[in-house]
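Secondary and tertiary structure notes
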Amino acid sequence: MFTIKQHLMAQSIEEGYKTLMKNRNNVILGGTAFLRLGNKNINIGIDLSNLELDYIREDEKNIEIGPMTTFREIETNKILKENFDGIVAKSVEEIVGIQLRSVITAGATVASKYGFSDFITALLSLNTQVELYKGGVISLEEYLAVEKVPKDILVKIIIKKYGKRATFKTMRNSKSDYAILNCAVSNLDGEYRIAVGARPGRAVVKTINSDELIKNNKMTEKIEEMVDGMKFGTNMRASGEYRKMIAKVLIRRCVEELNN
Ligand SMILES: Cc1cc2nc3c(=O)[nH]c(=O)nc-3n(C[C@H](O)[C@H](O)[C@H](O)COP(=O)(O)OP(=O)(O)OC[C@H]3O[C@@H](n4cnc5c(N)ncnc54)[C@H](O)[C@@H]3O)c2cc1C
């Protein structure tokens, strides 16, 4: 179990950021579900819950998700159910149980870049950006690719709206376990964006033109080519070889679903 020496209810993001930078053991608190699994000695736990950062809102161009928004809110939110065939909501609905989903937060998940994350894979198949307090707005793809980002606070997740169709699939050994593989595919104007996560490394994304993917009955070949270019690892849940085979099946099912 972790310990927190001092709890700060931040009055502004600036105060939270300044406190974060003062000491390497000062830590931003999300829902603390993951932090509790470790035994970190936290000097100051920086709580952002008073800053109205739990929201899901939309305008004509974007859907914005605040970092303190819980997975339960994401799962049940009307805007997320009505856009991208509901895949953002769907991606979190199998995670453990409602009690846990009512606590864990979107910002902590994306900021931590968990390889096993279902939520990140769904976001990556869409045109998603993250806003960091000091680092500004960058694409999720770029953010995930950087090994060591300077300490910062993730303040917003931005999903570009467009008329994308999308689908999400995951494979688990048992309900409530981590996925052994997850996959999300979106299609906008003939371009497929294919994200694969829980490899078990961080999610990766590939784009492919629909003509190239579907033409001349070459779909199986193209998917195999794409998956062969991705790295899969072995852990206690599945071998890399098995994951690779599952990836080919899940991607194919996603693409077929989008074509129906
Ligand atoms: C038992 C269990 C099972 C799970 N199973 C799954 C699963 O099957 N699939 C899945 O996708 N996920 C799963 N998760 C992970 C979960 O979805 C969350 O990603 C995870 O719990 C982190 O969310 P949190 O709010 O609890 O973060 P916390 O524990 O509060 O924080 C995690 C880290 O993020 C940092 N942080 C928090 N907020 C910010 C911010 N705004 N900016 C920068 N850094 C920040 C914290 O400092 C900390 O380092 C599971 C988690 C648990 C505890």
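Because the structure is predicted, anything quoted here is derived from the model rather than measured.

Some thoughts on the overall build of the protein
A tally of regular secondary structure across the protein gives 11 helices and 12 strands. Here the protein has a C-alpha radius of gyration of 19 Å; the compact-globule value for 260 residues is 18 Å, and the two agree. In terms of principal-axis extent, the alpha carbons of the protein reach across some 60 × 45 × 30 Å. Intrachain contacts of the protein at a sequence separation of at least 6 include 59% that bridge at least 24 residues. Accessible area for the protein stands at about 12,900 Å²; split by element, carbon and sulfur atoms hold 47% of it. Side chains of the protein carry 39 positive and 33 negative charges; the gap between the two charge centres is 5 Å.

Topic: the nonpolar core
In terms of nonpolar packing, the biggest core is built from 37 residues, with I65, I74, I87, V88, V110 and F119 touching the most fellow members. When residues in this core are grouped by element, the largest group, 5 residues, is from helix α7 (residues 118-125). Two domains share this core, each providing at least three of its residues, namely domain 2 (56-160) and domain 3 (165-259). Ignoring anything within four residues of it in the chain, the contact list for I65 reads Y55, I56, I74, L80, A106, F119, K156, I157 and I159. Judged by nonpolar contacts, the second largest core, of 21 residues, contains V185, Y192, V196 and L258.

Examining the pattern of salt bridges
A side chain with one charge can pair with a side chain of the opposite charge if their charged atoms come near. Counted under the stated rule, the structure contains 19 salt bridges. Here R57 and E64 are joined by a salt bridge, their closest N and O atoms 3.1 Å apart. Residue E141 pairs with R193 through a salt bridge whose shortest N-O separation is 3.3 Å. Of this pair, E141 sits in helix α8 (residues 140-145) while R193 is found in strand β11 (residues 191-197), placing the two residues 52 residues apart along the sequence. Classification of E141 as partly exposed rests on a relative accessible area of 38%. Members of the salt-bridge network, linked through shared partners, are R57, E64, E131 and K156.

Quick word on the sheet that holds β11
Taking strand neighbours across the sheet as the criterion, the 4 strands line up as β9-β10-β11-β12 in an open arrangement whose pairing is antiparallel. Each of the sheet's edge strands pairs with one partner strand only, and the pair in question is β9 (165-172) and β12 (204-209). For this sheet, the mean angle separating the axes of adjacent strands, direction not counted, is 15 degrees. Looking at chain direction, strand β10 (residues 179-188) and β11 are connected through 7 bridges and run antiparallel. Paired with S186 across the bridge in β11 is R193. On top of the sheet, α7 reaches β9, β10, β11 and β12; it is set at about 20 degrees to β10, its chief contact.

Observations concerning the domain arrangement of the protein
You can read the domains of the protein as domain 1 (3-47), domain 2 (56-160) and domain 3 (165-259). Taking only C-alpha atoms, the centre of domain 1 and the centre of domain 3 are 36 Å apart.

So, helix α1 (residues 13-22)
Of all the residues in α1, the buried ones are G16, Y17, T19 and L20. The buried residues of α1 all sit within an arc of 165 degrees when viewed along its axis, so they share a single face. Exposed residues pointing more than 90 degrees away from the buried face of α1 are listed as K18 and K22. Contacts from the buried residues of α1 go to β1 (3-9), β2 (27-29) and β3 (41-47).

Observations regarding the environment of S112
Relative to the elements of secondary structure, S112 occurs in helix α6 (residues 106-112). Residues S112 and L154 lie 42 residues apart in sequence; the distance between their C-alpha atoms is 9.9 Å.

Considerations on the site of the ligand
Around the ligand lies a shell of 31 residues, among which I28, G31, T32, L35 and T109 are the nearest. The contact in question runs from an oxygen atom of the ligand to an N or O atom on the backbone of G30, over 2.8 Å. At 2.7 Å, a backbone N or O of T32 approaches an oxygen atom of the ligand. Burial of the ligand by the protein chains amounts to 88% of its free accessible area of 980 Å². Counted by class, the shell around the ligand contains 20 nonpolar, 7 polar and 4 charged residues.

What counts, and at which threshold
Residues numbered from 1 in each chain as written. Predicted model: local features only at pLDDT ≥ 70, side-chain atom pairs only at ≥ 80, totals over all residues. Heavy atoms only, no water. Helix = DSSP H or I, 4+ residues; strand = E, 2+ residues; numbered from the N terminus. Rg over C-alpha atoms; globule rule 2.2 N^0.38 Å. Contact = heavy atoms within 4.5 Å. Areas by Shrake-Rupley, 256 points an atom, 1.4 Å probe, with all protein chains shown as cover. Lys, Arg positive; Asp, Glu negative; His and termini not counted. Charge placed at Lys NZ, Arg CZ, Asp CG, Glu CD. Core = buried A, V, L, I, M, F, W, Y, C linked by side-chain atoms within 4.5 Å. Buried < 20%, exposed > 50% of the residue type's maximum accessible area, 1.4 Å probe, protein only. Domains from an automatic or database assignment. Salt bridge = Lys/Arg side-chain N within 4 Å of Asp/Glu carboxyl O. Pairing = 2+ DSSP bridges. Axes fitted to C-alpha atoms, helices over the stretch in contact; angles between N-to-C directions. Arc of directions from axis to C-beta. Near = heavy atom within 4 Å. Polar contact = N/O pair within 3.5 Å; in protein donor to acceptor, adjacent residues only side chain to side chain. Nonpolar A, V, L, I, M, F, W, Y, C, P; charged D, E, K, R; others polar.

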